[in-house]
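# Breakdown of the fold
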Amino acid sequence: MRKNIVAGNWKMNNDLKATRKLVKQIRKSIKKSNLNTTRVIVAPTFVNLATAVKRSKKSKVEVAAQNMHQANSGAFTGEISAEMLKSVGVKTVILGHSERRAYFNETDALLAEKVNTALAHKLEIIFCFGEELADRKSGNEEAVVGSQIKNALFHLGSDAFKKVILAYEPVWAIGTGETASPEQAQDMHAFIRKTLADKYGNEVADSVSILYGGSVKPGNAKEIFSKPDVDGGLIGGAALNAKDFYAIISAF
Ligand code: PEP
């Protein structure tokens, strides 16, 4: 059965001290909860990954990276490889976040390369995608989302695909305070699951967790997570506050 997942994308926030503090607070808050069916993941910035891994040991907090380079190693100044992430204990990497696509020109083709590299190094992937406002206004959201998934992921075989967590993040809802309605989220998640079923069959489609991301807050998490095809959330702003993050985790 697929797991529920709440993942916090800290983006370019939290220095070393703040990372230690937030991991500690999250650890403490989830300690007494019954989280048997929910995974909790945090994604600090690269320089604080090792500390976050260390500070989350023997707890239910898992640590993900926000990005990685597609090459194994070499002359790529300023970049971070899959092997480097693994060497500090990271097991999961976020790929394809809309900010990476928009500000760092990450295309579907490049993301397909990153996906292959991550899987070759046995990293689990949280793969993000989502339509822009103009796509939704013109009724093209399913076509856009379908092609993002197909172009970056559909070269994978079934076994490899099972190592991918999907995160549907409509660009118009990220950091804007505007959330997709629970019905909009469910409709898109159902479309995504059907797209997976058409390609890989029902067994794979039913086993892949599909997260929703875009202004999820304590006040709206419960309703969004109650939808049958929504398996959790990728959380930005609200993940920076332990109390809010815990309230979202508890929405399951
Ligand atoms: C995100 O950046 O992945 C995100 C969902 O951000 P926010 O929750 O702030 O909209």
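Residues numbered from 1 in each chain as written. Predicted model: local features only at pLDDT ≥ 70, side-chain atom pairs only at ≥ 80, totals over all residues. Heavy atoms only, no water.

Once that is clear, we can look at the nonpolar core. In terms of nonpolar packing, the biggest core is built from 66 residues, with Phe127, Leu153, Phe161, Leu166 and Ile192 touching the most fellow members. Among the elements that line this core, the one with the most residues is helix α9 (residues 182–200), at six residues. Residues in contact with Leu166, not counting those within four places in the same chain, are Phe127, Phe129, Leu153, Phe161, Ile192, Leu196, Val208, Ser209, Ile210 and Leu211. Listed in part, the 12 residues of the second largest apolar core include Ala64, Ile126, Ile165 and Leu211. (Core = buried A, V, L, I, M, F, W, Y, C linked by side-chain atoms within 4.5 Å. Buried < 20%, exposed > 50% of the residue type's maximum accessible area, 1.4 Å probe, protein only. Helix = DSSP H or I, 4+ residues; strand = E, 2+ residues; numbered from the N terminus. Contact = heavy atoms within 4.5 Å.)

All chains considered together, the criterion is met by seven aromatic pairs. Ring centres 6.2 Å apart and planes at 65 degrees place the aromatic pair Phe154 and Phe161 in the edge-to-face group. Judged on exposure class, the residue Phe154 and its partner Phe161 are both buried. Relative to Tyr200, the ring of Phe154 has its centre 5.4 Å away and its plane inclined at 90 degrees; by these criteria the two rings are edge-to-face. On the criterion of sequence distance, the pair formed by Phe154 in the loop between α7 (141–153) and α8 (158–161) and Tyr200 in helix α9 is long-range, its members being 46 residues apart. Just as Phe154 is buried, Tyr200 falls in that class too. Of the aromatic side chains, those joined through ring pairs into one cluster are Phe127, Phe129, Tyr168 and Tyr212. (Phe/Tyr/Trp six-rings, centres within 6.5 Å; stacked < 30°, edge-to-face > 60°.)

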